[in-house]
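Observations on chain architecture
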Amino acid sequence: MQIYYYYSHYLIVATHFTVTFMLKALPNSDFTNVVSTVNMSGIEAWHMDESEEDQKLPHRLNPNQSVSLKQLEEIGVYYWKLNADIYENDPELQKIREERGYSYMDIITIHPDKLPDYENKVKMFYEEHLHLDDEIRYILDGQSYFDVKDINDRWIRIAVSKGDLITLPAGIYHRFTVDESNYTKAMRLFVGEPVWKAYNRPADDFDIRKAYVNSLKCS
Ligand code: KMT
């Protein structure tokens, strides 16, 4: 009996050290992403249908064509799962902000009663556009969709909800919409002073667009 106790104790300790070592051996962003993958309770992405119906619907293909985290990373989209209940004092969020220089933050609540000119803003967010900087959003409550264009110019819909921190690279064509719940509260992060300007498609002549397209060719 005692020998079994020592053996199982040994196994637990050995597994702990092996996993810790494997995670620490990875570069920092990979470390965070692996941890996120382990804790992941649900970012989900899929290729969209072509229907012009209500933007707030899921727009899945039938059968569904899901898109993995790895495929998202290949087009420069990164993801972390955090504990949004402690966002005001979260060392993990703090670490990401320090490492990546996300010095600016504000909080936006997208809801008909909270956001002036709600319906027009929802339409505006849904125009296909790019930014000159990364778009970094941490979902504190509710849920919504970020759509990004893949390498073949097909829409990928990414469902985000409480605890999801997502970064979209500068130069990627994308758009945003609430779902039918009409509610998302999100932290907007930025390196330095925020620049909200969106350039609607076509914006192919921008240097940032060319750099982004080149980065895809090289990867
Ligand atoms: C913005 O800049 O306000 C947006 O991108 C809207 C979506 S925030 C979840």
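In this text, all values refer to a predicted model and were calculated from it rather than measured experimentally.

1. Structural notes on the nonpolar core
Judged by nonpolar contacts, the single largest core of 27 residues is most densely connected at L72, I75, V77, V148, I156, I158 and I166. Mapped by element, the contributors of at least two residues to this core are α3 (69-74), β4 (104-110), α5 (118-125), β6 (135-149), β7 (155-161), β8 (164-168), β9 (174-178) and α6 (207-218). Aside from chain neighbours lying at most four places away, what touches V148 is I75, V77, R154, W155, I156, I158, L168, I172, Y173 and H174. If you look at the next biggest cluster of nonpolar residues, it comprises 13 residues, including I96, I136, L140 and L189.

2. Digging into the pattern of salt bridges
What the rule picks out here adds up to 14 salt bridges. For E99, the salt bridge goes to K95, with nearest N and O atoms at 3.4 Å. In this pair, E99 and K95 both sit in helix α4 (residues 91-100), four residues apart, roughly one turn of the helix. With a relative accessible area of 40%, E99 lands in the partly exposed category. Several salt bridges converge on common partners, so that one network encompasses E128, K149, D153 and R201.

3. Details of the side chain of Q55
When you line up the elements, Q55 lands in the loop between β1 (44-47) and β2 (66-67). For Q55, a relative accessible area of 16% gives the class buried. Setting aside residues no more than four positions away along its own chain, Q55 makes contact with V122, Y126, R157 and T177.

4. A look at the site of the ligand
Around the ligand, the structure places I108, I110, F125, E135, R137, F146, F176, A186 and R188. Here an oxygen atom of the ligand sits 2.9 Å away from a polar atom, N or O, in the side chain of R188. Coverage of the ligand by the protein chains reaches 92% of its 300 Å² of free accessible surface. Mapped onto the shell around the ligand, the elements with two or more residues apiece are β4, β6 and β10 (184-190). Among the elements that make up the shell around the ligand, the one with the highest residue count is β6 (three residues). Considered class by class, the residues forming the shell around the ligand number six nonpolar, no polar and three charged.

5. Observations regarding the environment of K217
With respect to the helices and strands, K217 occurs in helix α6. Overall, K217 belongs to the exposed group, its relative accessible area being 64%.

6. A few points about the side chain of E135
By the secondary structure assignment, E135 is in strand β6. A distance of 2.8 Å separates a polar atom in the side chain of E135 from a polar atom in the side chain of H131. Each residue touching E135, except ones within four places of it in the same chain, is listed here: H129, F146, I166, T167, L168 and H174.

7. Thoughts on unusual backbone geometry
Put simply, N62 and P63 share a cis peptide bond, and its omega is 0 degrees. With respect to the helices and strands, the residue P63 is situated in the loop between β1 and β2. In this model, R201 is joined to P202 through a cis peptide bond whose omega is 10 degrees. Its identity is not glycine, yet H59 carries a phi of approximately 55 degrees, on the positive side. Checked against the element boundaries, H59 lands in the loop between β1 and β2. Although it is not a glycine, N182 sits at a positive phi angle of roughly 55 degrees. Relative to the helices and strands, N182 resides in the loop between β9 and β10. N182 sits in the buried class, given a relative accessible area of 18%.

8. Concerning the packing of aromatic side chains
In this structure the tally under the stated criterion is six aromatic pairs. Arranged with centres 6.0 Å apart and planes meeting at 65 degrees, the rings of Y104 and W196 form a pair that is edge-to-face. One end of the pair, Y104, is in strand β4; the other, W196, is in the loop between β10 and β11 (199-200), with 92 residues separating them in the sequence. Taking the centre distance of 6.1 Å and the plane angle of 70 degrees together, the rings of F190 and W196 count as edge-to-face.

9. Some thoughts on α4
Residues L93, I96 and R97 constitute the buried set of α4. All buried residues of α4 project into a common sector of 95 degrees when viewed along the axis, lining one side. The outward face of α4, more than 90 degrees from its buried face, is lined by the exposed residues P91 and E98. For α4, the capping residue at the N-terminal end is D90, with a side-chain oxygen 3.0 Å from the backbone nitrogen of E92. After α4 finishes, the residue G101 shows a positive phi value of roughly 75 degrees.

How each quantity is defined
- Counting from 1, residues in each chain are numbered in the order their sequence is written.
- Totals for whole chains, interfaces and linings use every residue, but because this is a predicted model, local features are given only for residues with pLDDT of at least 70 and side-chain atom pairs only at 80 or more, for both listing and counting.
- Note: side-chain values were computed over all heavy atoms of the structure, leaving out hydrogens and water.
- Think of a nonpolar core as a cluster: buried Ala, Val, Leu, Ile, Met, Phe, Trp, Tyr and Cys residues, connected wherever their side-chain atoms sit within 4.5 Å.
- Only protein chains enter the accessibility calculation, which uses a 1.4 Å probe; a residue is then buried when its area is under 20% of its type maximum, exposed when over 50%, and partly exposed in between.
- Helix and strand labels come from DSSP, where a helix needs a run of H or I of at least four residues and a strand needs a run of E of at least two; each type is numbered from the N terminus.
- Note on contacts: a residue pair qualifies if any of its non-hydrogen atoms lie within 4.5 Å across the two residues.
- Salt bridge criterion: a side-chain nitrogen from Lys or Arg within 4 Å of a carboxyl oxygen from Asp or Glu.
- A molecule or strand has a residue near it when one of that residue's heavy atoms lies within 4 Å.
- Between N or O atoms, a polar contact is any pair within 3.5 Å; within protein, one atom must be a potential hydrogen donor and the other a potential acceptor, and residues adjacent in sequence are included only when both atoms are from side chains.
- In these tables, accessible area is a Shrake-Rupley quantity obtained with a 1.4 Å probe, and a residue counts as shielded only by the protein chains included in the view.
- We call Asp, Glu, Lys and Arg charged. Ala, Val, Leu, Ile, Met, Phe, Trp, Tyr, Cys and Pro are nonpolar, and the rest, Gly among them, are polar.
- Note on ring pairs: Phe, Tyr and Trp rings are taken, using the six-membered ring of Trp, and paired if centres are within 6.5 Å. Classes follow the plane angle, with under 30 degrees stacked, over 60 edge-to-face and the rest tilted.
- Taking the helix axis as origin, the arc is that swept by the directions to the C-beta atoms.

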